[in-house]
Amino acid sequence: MYPIPPKHLALSNLSRRDFLRLFGIASASVLVTNCQPAPTAVATPPPPSASKTPVSISRVHTYDRATIESQMQTLIDQLGGLGDVVKPGDSVAIKTNLTGGVFSGRLNGVTAEESFVTHPEVVRALVKQVQAAGAKEIFIVEAVYEWESYREWGYEDIASDLGVTLIDLNDSKPFADFVETPVGPDSHIFKKFTFNSILNDVDVFISVSKMKNHYLAGVTHTMKNLYGLVPYRFYRLNEQDKYRSGFHGTETQTRQRLPRIIVDINRARPIHFSLIDGIRTTQGGEGPWISSLAPIEPGVLIAGRNAVATDAVATAVMGHDPMGDYPDSPFVRCDNHLNLAAQAGLGTNRLDEIDVLGAQINEVRTQFVPAP
């Protein structure tokens, strides 16, 4: 197994300070019972090409706020807007990717936001679009390694400026306890997952990831991003583990286990809208604990209503075959979860079945070098 940074997270009862931190900056095999099903996905109108799944690409080379907001508008307009995803009065959860936490290290001369975690300006611009679509409540959610991740990486500022609520999915707050959410029939590894109840309560669920290689999974986009939905302490092989070792399993199990859990968790909590930050990121791994990690600047934002298709386009933009599979690069340690998701009926990873809008893949392709 590859090294994982420790978590510096202490959970405690909700104090007045906790309550104010959580709400004052915003506007108004597992253990738990009280099973609740995941919300049904919002129906979408026919795509621009009736037989193909639409995915939008926008070129952008800077995290300048005005530029990001303009390009986010273009990206969403190319898809026909958010009106079929977010309805007036809806509650929305946005899952960001803050892997590793602030104590996991950094690349020399490169900030975490411009290398291995979702940049806050991308999330800020998306929040404004979701608010413009009529959302009543917005939650930014992540099983953070420590609350400082939200503070140091700019998410408390978003909450304060735009009136959204930050949720640490490692904790059940603001609810009394966690809930178990079923995967549904034909699950691969898990029949249910332990979630903070907010994930089932919201009307719309959005995944916003960083475009990256992953040491084990090959690539990590909006589907793999959902690994951060569950508290790690419920999914570990040993009490001393500080990561979801139970998701990986033993070394001989990882190839089959990890990608199938990606599919299971995406069925338990379906994604309604996917957004990928590929402006500045990393190749060779998912975080600075991977020695082959190196900066790269593809200069793109990618979005779509179907997570499989959106992640497939991002994989192709990285110079990888979204239909490739173990043991071919980048899937040298695991089966390709995009193939498994397509087989499960979650979407297509065939590029000839995807209607790419805006910039085209061959215009923005940047060859990533995965972990050896």
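Keep in mind it's a predicted model, so treat the numbers as computed, not measured. (Residues numbered from 1 in each chain as written. Predicted model: local features only at pLDDT ≥ 70, side-chain atom pairs only at ≥ 80, totals over all residues. Heavy atoms only, no water.)

As a further point, take the overall build of the protein chain. When helices and strands are tallied, the protein chain shows eleven helices and twelve strands. In the protein chain, buried positions account for 60% of the 372 residues. Carbon and sulfur atoms provide 47% of the accessible area of the protein chain, an area that totals close to 14,200 Å². (Helix = DSSP H or I, 4+ residues; strand = E, 2+ residues; numbered from the N terminus. Buried < 20%, exposed > 50% of the residue type's maximum accessible area, 1.4 Å probe, protein only. Areas by Shrake-Rupley, 256 points an atom, 1.4 Å probe, with all protein chains shown as cover.)

All right, on to the confidence of the model for the protein chain then. Across the protein chain, the average pLDDT comes to 89, with 87% of residues at 70 or higher. Note on residues 1-48: pLDDT is under 50 here. Beyond four places in sequence and across chains, it has 129 contacts. (pLDDT = per-residue confidence, 0-100. Contact = heavy atoms within 4.5 Å.)

Bringing the pairing of strand β11 (residues 300-304) into the picture now. By the criterion of burial, β11 is predominantly enclosed, with five of the five residues buried. The alternating pattern of β11 places V300, I302 and G304 on one face and L301 and A303 on the opposite face, and all of these are buried. Pairing between strand β1 (residues 53-59) and β11: five bridges, direction antiparallel. Opposite R59, over in β11, you have V300 as the bridge partner. Direction of pairing for strand β9 (residues 273-283) relative to β11: antiparallel, over a ladder of five bridges. Bridge pairing in β11 places L275 opposite A303. (Pairing = 2+ DSSP bridges.)

This next bit is on the side chain of T118. Mapped onto the fold, T118 is located in the loop between β2 (91-95) and α3 (120-132). With relative accessibility at 0%, the residue T118 sits in the buried group. At 3.5 Å, the side chain of T118 forms a polar contact with the side chain of T96. Among residues more than four places away in sequence, those in contact with T118 are T96, N97, L98, V123, Y155, V208, S209, K210 and D277. (Polar contact = N/O pair within 3.5 Å; in protein donor to acceptor, adjacent residues only side chain to side chain.)

We now examine the environment of P120. When you line up the elements, P120 lands in helix α3. Using a relative accessible area of 10% as the deciding quantity, one classes P120 as buried. Separated by 24 residues in sequence, P120 and T96 have C-alpha atoms that sit 9.0 Å apart. Contacts of P120, omitting those with residues within four sequence positions, involve E113, W153, G154, Y155 and I158.

Another aspect to go through is the pattern of salt bridges. Where charged atoms of side chains with opposite charge meet at close range, the side chains can pair. For the structure shown, the criterion picks out 18 salt bridges. A salt bridge links K95 to E142, with the shortest nitrogen-to-oxygen separation between them at 2.9 Å. Of the two residues, K95 sits in strand β2 while E142 sits in strand β3 (residues 137-142), which places them 47 residues apart along the sequence. A relative accessible area of 1% places K95 in the buried class. Counted as one network, the salt bridges with shared partners bring together R65, E121, R124 and D161. (Salt bridge = Lys/Arg side-chain N within 4 Å of Asp/Glu carboxyl O.)

A few words now on α3. Its 13 residues place the ends of α3 18 Å apart at the C-alpha level, agreeing with the 18 Å of an ideal helix rising 1.5 Å per residue. For α3, the tally of buried residues reaches ten of 13 residues, placing the bulk of the element in the interior. Residues P120, E121, V122, V123, R124, A125, L126, V127, Q129 and V130 constitute the buried set of α3. Positive backbone phi, approximately 110°, marks G134, located one or two places after α3. (Expected span 1.5 Å × (residues − 1).)

Before going further, it helps to spend a moment on helix α9 (residues 307-317). Of all the eleven residues making up α9, eleven are buried; the element is thus mostly covered by neighbouring parts of the structure. By the burial criterion, the buried members of α9 are A307, V308, A309, T310, D311, A312, V313, A314, T315, A316 and V317. For α9, the N-terminal capping position is held by N306, with its side-chain oxygen 3.1 Å away from the main-chain nitrogen of V308. Just past α9, the residue G319 takes up positive phi, approximately 85°.

Below, the discussion takes up the packing of aromatic side chains. Given two aromatic rings, one states the distance between the centres and the angle between the planes to describe the pair. Tallied over the entire structure, the rule returns 13 aromatic pairs. When the ring of F116 is compared with that of W289, the centres are 6.2 Å apart and the planes differ by 85°; the resulting orientation is edge-to-face. Note that F116 is positioned in the loop between β2 and α3 and W289 in the loop between β9 and β10 (294-296), a separation of 173 residues in sequence. Neither F116 nor W289 differs from the other in exposure class; each is buried. Ring plane angle 75° and centroid distance 5.1 Å describe the contact between W147 and Y150, whose orientation is recorded as edge-to-face. We classify W147 as buried; its relative accessible area is 9%. (Phe/Tyr/Trp six-rings, centres within 6.5 Å; stacked < 30°, edge-to-face > 60°.)

Now for the packing of helix α2 (residues 65-78) against α3. The geometry of α2 relative to α3 is characterised by a closest axis approach of 9 Å and an angle of 55° between their N-to-C directions. By the angle class used here, α2 and α3 are oblique. Note on packing geometry: the crossing formed by α2 with α3 is right-handed. Seen from α2, the contacting residues are R65, I68, E69, M72, Q73 and I76; seen from α3, they are E121, V122, R124, A125, L126, K128 and Q129. (Axes fitted to C-alpha atoms, helices over the stretch in contact; angles between N-to-C directions. Parallel < 35°, antiparallel > 145°, perpendicular 65-115°, else oblique. Left-handed = near helix turned anticlockwise from the far one by under 90°.)

With respect to the element layout, R260 can be found in helix α8 (residues 254-268). Sequence separation between R260 and A341 is 81 residues, and the spatial gap between their C-alpha atoms is 8.4 Å. In contact with R260, not counting residues within four places along its chain, are H188, I189, R255, D335 and L340.

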